[in-house]
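The chain contents come next:
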Amino acid sequence: MCGIVGYVGRRSAVDVVLDGLRRLEYRGYDSAGIALVSADGRIEVDKRAGKLANLEAALAEHPLPESTCGIGHTRWATHGVPSDRNAHPHRSADGRISLIHNGIIENFGQLRAELEANGVEFLSDTDTEVAAHLLGREYAVDGDLTEAMTRVCARLEGAFTLLAVAADDPDTVVGARRNSPLVVGLGDGEYFLGSDVAAFISYTTEAIELGQDQIVTIDREGVAVRGFDGQASEGKPFSVDWDIAAAEKGGYDTFMAKEIHEQPQAVADTLRGRIDEAGQIVLDEVRMSDQDFRDIDKVFIVACGTSYHAGLVTKYAIEHWTRIPCEVELASEFRYRDPVLDRSTLVVAISQSGETMDTLMAVRHAKDQKARVLSISNTVGSTIPRESDAVLYTRAGIEVAVASTKAFLTQLAACYLVGLHLAQVRGIKYADEVSAILDELVAAPGKIAKVIENLDPVREMARESAGSDRVLFIGRHVGYPVALEGALKLKELAYLHAEGFAAGELKHGPISLIEAGTPVIAIVPSPRGRSLLHDKIISNIQEVKARGAKVIAVCEEGDKITAAHADLVIETPASPTLLAPLLTAVPLQEFAAELATALGRDIDQPRNLAKSVTVE
Ligand code: F6R
């Protein structure tokens, strides 16, 4: 949440900072601001409520003086409404320091009272402003921005990334991070700071990952890292393996449309090199031995939102393939209920961003309880993988649209690999089934591509449903988490009442929501094999139809029984039940995007949301 950019170098800082903010806008978009330090020792600030475009328009009308050092911020409000005065940067009382912040300073009330008692006048309602005033006061002591930042961090509680510039030091940006992301970009005589690498991907792919409680100083000479304790330290260098094209729309109207179309490749990339010629899953990079996997007697999956839905699907797969009990829990609830964990528990943390605070806190709780933590993440260098015992990276490439699509499918692919690996190393009874499933998994990208080629009818159905005041989604078995995911996509994109239900639960209450014409999207399992499941959902379809619902069924191609009962059908290629979510989720993504477009919504940046949720 909140995008942060810092730059020192030879280029025009306003151009570099605005370019970075454009790429980070998905992290928050209710206001934006910039501070530039000019060579003659002034800090020029502009900040505006609303999207980055408002700031850009203001800067076009009233350009700031030339500068090669600056910071910029795009906000997702926590303390104080989105407004010009609450937008970042904030300044110290003497105006000599400008500061931006991502996170929440939990002891800001006490610090604010202390500063006000000393005569400081506050200009905003934010928690951030206390840090600006404290930094101004500490900087006045010795004129050393890094030392001043170190002393300020010792006083702050909570989660924060801070970047600051000082008017007297036109070539330096100082950053600090605790529980909130910050990476360093390494150019040639120029250095960058960003909430993630997207901030500087136009300029360099070489980066440094910072650790917890670290302070970083960039100037034209280089980068210096130290701990909050003042001791010199080092970050971990890494190269970004995607380029600028990945962060552009590439001819699509929206990032979401582009990312939906990238799904076959993203899933193929996630599987690549992880299944050897003998059909064994190779997960060397997870840093867990086969014996470690054999020692596990319970799996807990923790995640939020869409990633949680990937976890729900995984539970069905892991329990069936391995016979190990598997629980799935919303990360935000996990540590508050004292779950039973020990050394033989594997906690799988799923997080696209690798920064979600709820999931990070669940990981830390699990580690405190001595459980082993394996994270599944899309973001190299992010906090959750760094703090986990082991990591399996999805290879979706950067996901810019706030609504997750390709990250979800690649999470499923990675989770299937973990489940199948567990099954293989433990030698379970469904060995034949596991090897057949592996073949099917490898075939999945081609089938996903086929689903994507045939989305026109889905778009038409979405437009027809745009007048409805609610849409319900029903499913059984792995179709249930897919129903939840379809409803989440529609809620977040179209701002429409949408709910996913286990189809069997409808009759226990929710069926009263059905009125004449209510669209009900049913995720129907394959009629082959588990026909009992198929029979049951056909009954559920009949129940809602009898009450006036308009049923859109997502079913396997050639499923004549479903076609006879549903009003409309969306066919997906045949697939084993457990892998079907890789296919059935895709039309629901497109349905939500198209319906939201028909309602005039902002597809890539839905209201009130942000891509990377770094507060609890
Ligand atoms: C919905 C969506 C969110 C995220 C959730 C977790 O489309 O994107 O629900 O899935 O905020 O984010 P990560 O996976 O980054 O931990």
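Residues numbered from 1 in each chain as written. Predicted model: local features only at pLDDT ≥ 70, side-chain atom pairs only at ≥ 80, totals over all residues. Heavy atoms only, no water.

The name that an unreviewed UniProt entry assigns to the protein chain is Glutamine--fructose-6-phosphate aminotransferase [isomerizing], with the source organism given as Glycomyces terrestris. Regarding the protein chain, the relevant UniProt record gives this comment under Subcellular location (unreviewed entry): "Cytoplasm". Per UniProt, the protein chain carries the Catalytic activity (unreviewed entry) text "D-fructose 6-phosphate + L-glutamine = D-glucosamine 6-phosphate + L-glutamate". (UniProt positions renumbered as here; feature names shortened; annotations may be inferred.)

**Student:** Quick one: what's the story with the packing of helix α9 (residues 305-322) against helix α13 (residues 406-426), residue by residue and with numbers?
**Tutor:** A pair of packed helices is captured by two measures, namely the crossing angle of their axes and the spacing between those axes. Interaxial distance between α9 and α13 falls to 9 Å at its minimum, and their mutual angle equals 25 degrees. Here α9 is positioned roughly parallel relative to α13, judged by the angle of their axes. Between α9 and α13 lies a crossing of right-handed hand. Mapping the contact onto sequence places T306, S307, H309, A310, V313, T314, A317, I318, W321 and T322 in α9 and F408, Q411, L412, C415, Y416, G419, L420, L422 and A423 in α13. Of the residues in the contact of α9 with α13, the class split is 12 nonpolar, seven polar and no charged. (Axes fitted to C-alpha atoms, helices over the stretch in contact; angles between N-to-C directions. Helix = DSSP H or I, 4+ residues; strand = E, 2+ residues; numbered from the N terminus. Parallel < 35°, antiparallel > 145°, perpendicular 65-115°, else oblique. Left-handed = near helix turned anticlockwise from the far one by under 90°. Contact = heavy atoms within 4.5 Å. Nonpolar A, V, L, I, M, F, W, Y, C, P; charged D, E, K, R; others polar.)

**Student:** Go over the packing of aromatic side chains, please, and point to the residues and values.
**Tutor:** A full pass over the atoms with the stated rule returns six aromatic pairs. For the pair F160 and F228, a centre-to-centre distance of 6.1 Å together with 0 degrees between the ring planes defines the contact as stacked. Separated by 68 residues along the polypeptide, F160 in strand β7 (residues 158-166) and F228 in the loop between β13 (222-227) and β14 (232-233) bring together distant segments of the chain. For F160, a relative accessible area of 0% translates into the label buried. (Phe/Tyr/Trp six-rings, centres within 6.5 Å; stacked < 30°, edge-to-face > 60°. Buried < 20%, exposed > 50% of the residue type's maximum accessible area, 1.4 Å probe, protein only.)

**Student:** Please give an account of empty space enclosed by the protein that cites residues and values.
**Tutor:** For the structure on display, the rule yields three cavities of 30 Å³ or more. In this structure, the largest cavity encloses a volume near 160 Å³. Around the largest cavity, the lining is made up of 18 residues, and of these V524, P525, S526, A580 and T584 lie nearest the centre. Taken together, the elements giving at least two residues each to the lining of the largest cavity come down to β24 (550-556) and α19 (581-598). A per-element tally of the lining of the largest cavity places β24 first, with three residues. The class makeup of the residues in the lining of the largest cavity is 10 nonpolar, six polar and two charged. Lining the second largest cavity, in full, are C2, R75, W76, T78, H79, H88, H101, G103, T126, D127 and T128. Of the residues in the lining of the second largest cavity, the class split is two nonpolar, seven polar and two charged. (1 Å grid on protein atoms, 1.4 Å probe; cavity = no way out; pocket = protein on both sides within 12 Å on 5 of 7 lines; lining within 4 Å. Points joined across faces, edges and corners; volume = space filled by probe spheres on them.)

**Student:** Quick one: what's the story with the layout of surface pockets, residue by residue and with numbers?
**Tutor:** By volume, the largest pocket is sized at about 810 Å³. D241, W242, N378, G397 and I398 are the residues nearest the centre of the largest pocket, which is lined by 45 residues in total. Elements supplying a minimum of two residues to the lining of the largest pocket: β15 (236-239), α7 (263-271) and α12 (383-387). The biggest single contributor to the lining of the largest pocket is α7, with three residues. When residues of the lining of the largest pocket are assigned to domains, at least three fall in each of domain 1 (3-243) and domain 2 (259-451). Considering only enclosed or pocket space, the second largest pocket measures out at about 660 Å³ in volume. (Domains from an automatic or database assignment.)

**Student:** Lay out the UniProt feature "active site" (unreviewed entry) in the protein chain with the relevant residues and their values.
**Tutor:** Summarizing the sequence annotation, UniProt attributes the feature "active site" (unreviewed entry) to C2 and K611 in the numbering used throughout. Spanning 610 residues, the named residues nonetheless gather at one spot, since no C-alpha pair among them exceeds 9.1 Å. Cross-referencing the annotated residues with the second largest cavity identifies C2 as lining it. Assignment of secondary structure puts C2 in the segment before β1 (3-8). According to the relative accessible area criterion, C2 is buried, its value standing at 5%. With near-sequence residues (within four places) excluded, C2 lies in contact with R27, G28, H73, T74, R75, W76, H101, N102 and S195. For K611, the residues in contact, after removing those within four places along its chain, are Y26, R27, Q352, E399, V400, A401, V402, A403 and S404.

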